[in-house]
Amino acid sequence: MTLVDQAARVGQAPPKVAFLNNPKVRGIFWQALLLVFVVFIVWGAASNAYENLRAQNIASGFGFLDNQANFALSQSLIPYTETNSYGRAFIVGLLNTLLVAIIGIAAASVIGFFVGLARLAKNVLVRQLATWYVEFIRNVPLVLQLVFWYTAVLQPLPNPRDSIALFGGEVFLNNRGVVMPKPIFADAAIWLVAAFAAALVIGFIVKRWSAQRQAATGQTFPVGWTTLGLLIALPTIAFYALGQPISFEHPQLGRFNLSGGLRIIPEFVALLLGLVLYTAAFIGEIVRAGIQAVHRGQTEAASALGLRSGHTTRFVVIPQALRVIIPPLTSQFLNLTKNSTLAVAIGYPDLFLVTNTINNQTGQAIETVGMIMATYLFLSLLTSGFMNWYNQRVALVER
Amino acid sequence: MTLRIATFATAAILGLAVAQPASAQTLREITTRGQLVCGVSQGLAGFSNPDAQGRWTGLDVDVCRAIAAAIFDDPTKVRFVPLSSANRFTALQSREVDLLARNSTWTLSRDTQLGLDFTGINYYDGQAFMARRSLRLSSALELGGASVCIQTGTTTELNAADFFRANNLRFEPVVFATADETIKAYDSGRCDVFTTDASGLYAERLKLSAPNDHMVLPEIISKEPLGPVVRHGDNQFADLVRWVHFAMVTAEEIGVTQANVAAKAAEMRNAEVRRRNPDLARFVGADGTFGEMLGVTNDWAVRIIRHVGNYGESFERNVGERTPLGIRRGLNNLWTKGGLQYSPPIR
């Protein structure tokens, strides 16, 4: 075929081909075949499992979730006792996982961000420390780190009788965890929340006003400090105006443990420490890579315009670095959530450990494993959905 | 190529879909394989624990060895698979092991909901608490507010919750997946109390850094009948496992021991001796075809006693008063001596 022939064909109707050779028809045929195949596999696996369970007289179905659980849990964010159902125990586990994941993601992001900056610092000591931290933490298996924090750091703490008292005897540290006074909220305490919300709203209005003023006149206004001041001042004023609606329950030493007060169990502390430090090392590298991906010319251009170095970082480098940082950061957030299942090694009652217990007590292996998988899938999709939305917001808008 | 993969995959799925019936075939599988596969604990002194040479020993291990002796006349034809409390029943259901001899408590829900059958009770146990002597406790009823180390997936976990609730006491459960993690957490001071079956407490106490600083509280808070478990539906194999234990108990009842079994079997060749000792004659297989009824040879009981010994011998060797565990026979004595071990007649 010559070039002239090809050129002549441009703009003409496509040449006629036999029905069976039509790429579109073939495409649809193979897609349909694949779909049938996938449906067949899923159906086959499901009916096979069902038949085998029936043949072996193993009970199946989700009815067991309403039965009384009969086992106790060491940490629960909602009221839970042994007389509650397996379903509620599952929710308790889910909330415990969410607690460690949300705090973990926030803390790992903050620490990772500063580690990333430290890796690029001009100060040799800071830079070397950050490098050692990243290389050491990244290269030791996470489960070992968890066991280390749990057995080598937290368990050697003294027993409750010899607790270490901190903050003038208000907070106690021992091998059963950290015990602190527990705030008891009176009804009027709801106004404190209202005061806090009001401070946030005012801060938002100030920010918009400041942006408009800066656009019009070029004058800046310390929005951050103002908002921070409001967030502290308004609830404090409300607290005293309402006659101090929060009282504290102080922990008392009983025969075995400190009773009363608010206790953070060592399993939670160990899991959080391990997950945060481990994930922060990876996030640090992502942040470093993101910053280095911004071309030198951008920094030079910023200083040519007369921006101070802090402003260069804040307004020029970071916004561009974020575009590189966000996608791999999403993976780290997902990893942290999924790695929280290693809690089983140190006995933190997370979703995985609780559901495993349910599995052992009821013998409903397929149902409980299905529930675990579906829940982690849902959490992961939720996280990546949010991060994708955020990624679109910071992504370069091409014209 | 595509076609070949599709054919292969379809064949694989069809193969899966043909459900294996759980009927009488375990014994045939074992004979064909030439080996019994026995699910045991991950190391519980006295019950199932590898010794210095890596040889499994213990009261539960003896159940497996006795079955192998009855089938193969060779107690070493057993492969032991250590299982955690969490995965033991799944391993049995999925045919990874032929039976469990893994200090498992017989309960109604396990018997009915898991597709499994308990064949008997080779150790009558009960749950108890262990605590440090320095706490000067005299009763489990003083444990209000204590932190309790427990292994997950056990009846222990449920009994502890029942006990504290019934007595209106508060407690903090600290739950681990394996026995080792649990006892380590207790040893390090994370918990005030460690709870499991009384036999397990004596066994685990040996692992503590200072065993004598710890004491077992007097209360027994539950019934824990421990016994071998097989898959539901294979009654032939279930019968064999059940009667192997009964043979060991019967032997103790009628005074047959590892030392005298060969001599007693030889005596039975004499018709006059047979006539005067009908029980013994049936036991050694000189009268009747009881072994064949179970799917093994008629000298099955002789094989068991020759290789493993009777129930009393197995008990004293593994957990008895001369062992580090130092457990008295108590409930596990013969019914004629005030205990609960009782065998239906072999006839």
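These numbers were taken from a predicted model, which means no experiment stands behind them.

Undergrad: So what exactly am I meant to see when it comes to the overall build of chain A here?
TA: From N to C terminus, chain A includes 12 helices and eight strands. Expected size for 399 residues packed as a compact globule is a radius of gyration near 21 Å; at 29 Å, chain A overshoots this value by more than 25%. For chain A, the spread of C-alpha atoms along the principal axes amounts to about 95 × 80 × 45 Å. When burial is assessed residue by residue, chain A has 27% of its 399 residues classed as buried.

Undergrad: Looking at this model, I keep getting lost on the nonpolar core. Mind explaining?
TA: Soluble, globular proteins show a tendency: their nonpolar side chains are buried together. Grouped together as the largest cluster of nonpolar side chains are 153 residues, with contacts concentrated most on Leu271(A), Ile67(B), Val244(B) and Ile304(B). Among the elements that take part in this core, helix H8 (residues 266-292) of chain A stands out by supplying 14 residues, more than any other. If near-sequence neighbours (up to four positions away) are discounted, Ile67(B) is found in contact with Leu36(B), Leu240(B), Val241(B) and Val244(B).

Undergrad: What is the right way to read helix H11 (residues 351-362) of chain A from this model?
TA: Since one α-helical turn is 3.6 residues long, residues separated by three or four positions face the same way. All names here are of chain A. Between its terminal C-alpha atoms H11 stretches 16 Å, which fits the 16 Å expected from 12 residues at 1.5 Å a residue. Across the 12 residues that make up H11, a large majority, 11, are buried. Elements that come into contact with the buried residues of H11 comprise helix H3 (86-119) and helix H12 (365-394).

Undergrad: Honestly, helix H9 (residues 235-253) of chain B in this entry has me stumped. Any pointers?
TA: A rise of 1.5 Å per residue sets the reference length of H9(B), with its 19 residues, at 27 Å; its end C-alpha atoms lie 26 Å apart and thus fit the reference within 8%. Counted residue by residue, H9(B) has 14 buried out of 19 residues, so it is predominantly covered.

Undergrad: What exactly am I supposed to notice about the domain arrangement of chain A here?
TA: How large an interface is tends to be reported as the accessible area lost when its parts come together. Considered domain by domain, chain A is made up of domain 1 (3-55) and domain 2 (86-181 + 250-394). The gap between the C-alpha centroids of domain 1 of chain A and domain 2 of chain A is 45 Å.

Undergrad: Teacher, can you tell me more about the sheet that holds strand S1 (residues 164-166) of chain A here?
TA: Two strands in a sheet stick together by hydrogen bonds in their backbones, pointing the same way (parallel) or opposite ways (antiparallel). Residue and element names in this part refer to chain A. Spatial strand order, S1-S2-S3-S8: four strands in an open sheet with antiparallel pairing. Since the sheet does not close on itself, it has two edges, and those belong to S1 and strand S8 (262-264), each with one partner. If you compare each strand with its neighbour and ignore which way they point, the axes differ by 20° on average. When S1 meets strand S2 (residues 171-174), the two strands line up antiparallel, connected through three bridges.

Undergrad: Whenever I open this one, the confidence of the model for chain B confuses me. Can you help?
TA: Interpreting fine coordinate detail is not advised for predicted regions of low pLDDT. For chain B, the average pLDDT comes to 89, and 93% of its residues sit at 70 or higher. Every residue in residues 1-22 of chain B is under pLDDT 50, and counting partners more than four places away or in other chains gives 17 contacts.

Undergrad: So what exactly am I meant to see when it comes to the pairing of strand S11 (residues 193-197) of chain B here?
TA: On a regular strand, one side chain projects to one face of the sheet and the next to the other, so that they alternate. Residues and elements named next belong to chain B. The element S11 is extensively covered by neighbouring structure, given that five of its five residues are classed as buried. Examined bridge by bridge, strand S8 (residues 127-132) and S11 share five bridges and lie antiparallel to one another. Within S11, the position partnered with Phe129 by the bridge is Thr195. Where strand S9 (residues 146-151) and S11 come together, two bridges link them in parallel fashion. Across the sheet, residue Cys149 finds its bridge partner in S11, namely Phe194.

Undergrad: In this structure, what is going on with the interface of chain A and chain B? I would like to understand it.
TA: In this assembly, 35 residues from chain A lie in contact with 36 residues from chain B. Counting only elements with at least two residues in the side of chain A that touches chain B, the list comes to helix H2 (23-55) and H11 of chain A. The dominant element in the side of chain A that touches chain B, judged by the number of residues it contributes, is H2(A), at six residues. For the side of chain A that touches chain B, the per-class residue count stands at 11 nonpolar, 20 polar and four charged.

Undergrad: Can you walk me through the sheet that holds strand S10 (residues 171-176) of chain B in this structure?
TA: Residues and elements named next belong to chain B. The sheet built from five strands is open, its strands ordered S10-S9-S11-S8-S12 with mixed pairing. The open sheet is flanked by S10 and strand S12 (214-216), the only strands paired with a single partner. Across the sheet, the axes of successive neighbouring strands diverge by a mean angle of 30°, strand direction being ignored. On the sheet, helix H6 (residues 155-166) packs against S8, S9, S10 and S11 and is oriented at approximately 155° with respect to S9.

Undergrad: How should the environment of Ser60(A) be read in this particular structure?
TA: Residues and elements named next belong to chain A. Tracing the sequence through the fold places Ser60 in the loop between H2 and H3. A residue is classified by how many C-beta atoms lie within 10 Å of it, and Ser60, with 16 of them, is partly exposed. With 305 residues separating them along the chain, Ser60 and Ala365 place their C-alpha atoms 9.1 Å apart. In this structure Ser60 touches Leu53 and Glu367, once residues within four positions along its chain are discounted.

Undergrad: What is the right way to read the environment of Gly255(B) from this model?
TA: Within the element layout of this structure, Gly255(B) appears in the loop between H9 and helix H10 (261-267). With 167 residues separating them in the primary sequence, Gly255(B) and Arg88(B) have C-alpha atoms 35 Å apart.

Undergrad: Can you help me understand the packing of H8(A) against helix H10 (residues 309-339) of chain A in this one?
TA: Working note: a packed helix pair is described by the angle between its axes plus the distance between those axes. Residues and elements named next belong to chain A. Contact geometry for H8 and H10: axes closest at 8 Å, N-to-C directions at 155°. Considering the angle they form, H8 stands roughly antiparallel to H10. At the point where H8 passes H10, the crossing takes the right-handed sense. Residue-level inspection shows Leu275, Thr279, Phe282, Ile283, Ile286, Val287, Ala289, Gly290 and Ile291 of H8 in contact with H10, the latter providing Val317, Ala321, Leu322, Val324, Ile325, Pro328, Leu329, Gln332, Asn335, Leu336 and Asn339.

Undergrad: Would you mind showing me how to read the pairing of strand S3 (residues 177-180) of chain A here?
TA: All names here are of chain A. Of the pairings in the sheet, the one linking S2 to S3 comprises three bridges and is antiparallel in character. The partner of Asn174 across the bridge, within S3, is Gly177. The loop that links S2 with its antiparallel partner S3 comprises two residues.

Undergrad: Which parts of the structure should I look at to understand unusual backbone geometry?
TA: Residue and element names in this part refer to chain B. Positive phi values are uncommon outside glycine, yet Arg95 reaches one of about 65°. Relative to the helices and strands, Arg95 is located in the loop between helix H4 (88-93) and strand S5 (99-105). Owing to 14 C-beta atoms within 10 Å, Arg95 belongs among the partly exposed residues under this scheme. You will see that Asn168, though not glycine, has its phi angle at about 60°, which is positive. Owing to 7 C-beta atoms within 10 Å, Asn168 belongs among the exposed residues under this scheme.

What counts, and at which threshold
Residues numbered from 1 in each chain as written. Chains lettered and ligands numbered in written order. Predicted model: local features only at pLDDT ≥ 70, side-chain atom pairs only at ≥ 80, totals over all residues. Helix = DSSP H or I, 4+ residues; strand = E, 2+ residues; numbered from the N terminus. Rg over C-alpha atoms; globule rule 2.2 N^0.38 Å. Buried ≥ 20, exposed ≤ 12 C-beta atoms within 10 Å, placed from the backbone. Core = buried A, V, L, I, M, F, W, Y, C linked by C-beta atoms within 7 Å. Contact = placed C-beta atoms within 7 Å. Expected span 1.5 Å × (residues − 1). Domains from an automatic or database assignment. Pairing = 2+ DSSP bridges. Axes fitted to C-alpha atoms, helices over the stretch in contact; angles between N-to-C directions. pLDDT = per-residue confidence, 0-100. Nonpolar A, V, L, I, M, F, W, Y, C, P; charged D, E, K, R; others polar. Parallel < 35°, antiparallel > 145°, perpendicular 65-115°, else oblique. Left-handed = near helix turned anticlockwise from the far one by under 90°.

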